[in-house]
Protein chains: 2
Amino acid sequence: MATASRQEILQAVLELFRECGYEGTSMAMISERTKLGKASLYHHFPGGKEQMRDELVKLLADWFRPRLEQLKDDATPPRGRVKVFMSELDSFFEGGQRGCLFAALAVGTAENGCRIELKDLMNLWISALAELAEKSGVPANDAQTRAEDCVAQLEGALLVSRIVGDKSIFKRALRQAPDMLFGSSRQLES
Amino acid sequence: MATASRQEILQAVLELFRECGYEGTSMAMISERTKLGKASLYHHFPGGKEQMRDELVKLLADWFRPRLEQLKDDATPPRGRVKVFMSELDSFFEGGQRGCLFAALAVGTAENGCRIELKDLMNLWISALAELAEKSGVPANDAQTRAEDCVAQLEGALLVSRIVGDKSIFKRALRQAPDMLFGSSRQLES
DNA sequence: CTGGCGTTGCCGAACGATTGGTATAATTTC
DNA sequence: GAAATTATACCAATCGTTCGGCAACGCCAG
């Protein structure tokens, strides 16, 4: 009767993690959200909550990787590629009201198993943007900092949007991202 | 002997919250960190963990408010004032490796009592920067977005610094903040 | 077609451990 | 000695997790 596939379960858990964080989400909450008994959850995920988190991180990586690859496809102009990527980020973060899995999992007790994966993924994200900026003529050292700042702006905008309840901040960060990467207006620091 | 004052307890709890989040921090952890029995903690904070959180938010506000007021002091040039504020932010966030209480408390279950206070405080922060930018000649509507983006950049840089383990990202956000607020290089959007 | 049988998915109930919280008594401090 | 502070022991509730069993499925032998 209450039959939910693995994907559906993970989707529900993702929503809960993004809203309540890893430690703030209990198996009881997951059970309630998925309409599945707790025992059923352990049937699909014998490793329990940790396995769910790990699979979600893997899912996150699977979402990012092909899109970061797509950024390197030289068939279309760089600005356009970034804009496409940003619009995908927009729908991925559902407009900004919901939190980010990165942020949700960055907070937590030390034995957080998946920190390395998160770090690697974020570095992958940054370096993809940096590479793109560099190929567009931005000096190498500046390209790296631009990419870092761009990702920081997006993540920060997501957080601020959530706290003050105004998603336009996140929307603006998406729009400004291309200029942060390529714009000539950026001051270099000594 | 182990007479930890309220301030010392709150300081320890602050560190734990910033590192592990609100739900990720247990009273047992607080007890261990402060070397105080749980009963002692409840003697100082009859309201338990919630009261600690609320008092920490109040402490956060008490830290911010005078410094935001100081931003409005027209005795010194605006850029200098912002730089001073940023260096204070630097020591407040201890160079960037530690997380932010805003971010730590933004994640959590819905009945999060202090969300309104956090929202108001962040709005206060933003509007103080916006007012400063406006007084320095930035058009009013642009000043608001600059301030929002500036705060987002700082919070995001803090998060990214923590995840990838490179505090230079946060340091750079501090340095670039004045330009984000006042710089003429920023593109307006249609 | 039938009858069993293993597999799969689900659930109620319960596990030990830990959660936040509270008695009450012993201790310190002044 | 009175007040403030701490420790010991305990509480119900909830935590993540596990167990045993039940219903429904496809599959193959007879």
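Residues numbered from 1 in each chain as written. Chains lettered and ligands numbered in written order. Predicted model: local features only at pLDDT ≥ 70, side-chain atom pairs only at ≥ 80, totals over all residues. Heavy atoms only, no water.

### Things to note about the overall build of chain A
At step 1: Tallying secondary structure elements over chain A gives 9 helices and 0 strands in all.
At step 2: Counting from the amino terminus, chain A carries its helices and strands in the arrangement α-α-α-α-α-α-α-α-α.
At step 3: Considering only C-alpha atoms, chain A reaches an extent of 55 × 35 × 35 Å along its principal axes.
At step 4: Counting across all 190 residues of chain A, residues that qualify as buried make up 54%.
At step 5: Roughly 8,400 Å² of accessible area belongs to chain A as shown, and the carbon and sulfur atoms make up 54% of that amount. (Helix = DSSP H or I, 4+ residues; strand = E, 2+ residues; numbered from the N terminus. Buried < 20%, exposed > 50% of the residue type's maximum accessible area, 1.4 Å probe, protein only. Areas by Shrake-Rupley, 256 points an atom, 1.4 Å probe, with all protein chains shown as cover.)

### Observations concerning the UniProt feature "DNA-binding region" (unreviewed entry) in chain A
At step 1: Here, the residues flagged by UniProt with the feature "DNA-binding region" (unreviewed entry) are residues 26-45 of chain A.
At step 2: Annotated as residues 26-45 of chain A, this span is 75% helix and 0% strand, and its ends, taken at the C-alpha atoms, are 15 Å apart. (UniProt positions renumbered as here; feature names shortened; annotations may be inferred.)

### Re the relation of the copies chain B and chain A
Note on the chain copies: they are related by a rotation about an axis and a translation along it.
At step 1: Least-squares fitting of chain B to chain A yields an RMSD of 0.1 Å, with the transformation described by 0.0 Å of translation along the axis and a rotation of 180 degrees. Taken together, the turn and the small shift mark the pair as related by a two-fold rotation axis. Ranked by how close their C-alpha atoms come to the rotation axis, the residues of chain B are headed by Gly156(B), at 1.7 Å.
At step 2: The share of interface residues of chain B whose copies in chain A are also at the interface is 100%, consistent with both copies meeting through the same surface. (Least-squares fit on C-alpha atoms with pLDDT ≥ 70 in both. Contact = heavy atoms within 4.5 Å.)

### Examining the protein's contact with DNA strand C
At step 1: Taken together, 20 residues lie near DNA strand C, and Ala39(A), His44(A), Met27(B), Lys38(B) and Tyr42(B) sit nearest.
At step 2: Here the atoms of DNA strand C within 4 Å of the protein split so that 57% fall in sugar or phosphate, with bases taking the remainder.
At step 3: Between DNA strand C and Ser40(A), the relevant distance is 3.3 Å, taken from a phosphate oxygen to a side-chain nitrogen or oxygen of the residue.
At step 4: A distance of 2.4 Å separates a phosphate oxygen of DNA strand C from a polar side-chain atom of His44(A).
At step 5: Within the residue set of the surface near DNA strand C, elements represented by two or more residues are α3 (38-44) of chain A together with α2 (27-34), α3 (38-44) and α4 (48-71) of chain B.
At step 6: Here the surface near DNA strand C is built from residues that sort into 9 nonpolar, 8 polar and 3 charged. (Near = heavy atom within 4 Å. Polar contact = N/O pair within 3.5 Å; in protein donor to acceptor, adjacent residues only side chain to side chain. Nonpolar A, V, L, I, M, F, W, Y, C, P; charged D, E, K, R; others polar.)

### Quick word on the side chain of Arg18(B)
Residues and elements named next belong to chain B.
At step 1: The topology assignment puts Arg18 in helix α1 (residues 6-20).
At step 2: By relative accessible area, Arg18 is classed as buried at 4%.
At step 3: Polar contacts involving the side chain of Arg18 include one to the main-chain carbonyl oxygen of Phe92, which spans 3.4 Å.
At step 4: Within polar-contact distance, the side chain of Arg18 engages the side chain of Glu94 at 2.9 Å.

### Examining the interface of chain B and chain A
At step 1: Chain B puts 43 residues into the contact, and the matching count from chain A is 43 residues.
At step 2: The junction of chain B with chain A conceals about 3,600 Å² of combined surface from both sides, 57% of it contributed by carbon and sulfur atoms.
At step 3: The interface formed by chain B and chain A contains 4 salt bridges.
At step 4: Between Glu148(B) and Arg172(A) there is a salt bridge, with the nearest N and O atoms lying 2.4 Å from each other.
At step 5: Counting the contacts that link chain B with chain A gives 11 residue pairs in polar contact (both at pLDDT 80 or more).
At step 6: Among the elements that make up the side of chain B that touches chain A, the one with the highest residue count is helix α8 (residues 140-164) of chain B (14 residues).
At step 7: Tallied by class, the residues present in the side of chain B that touches chain A amount to 18 nonpolar, 11 polar and 14 charged. (Buried area = accessible area lost by both parts, 1.4 Å probe. Salt bridge = Lys/Arg side-chain N within 4 Å of Asp/Glu carboxyl O.)

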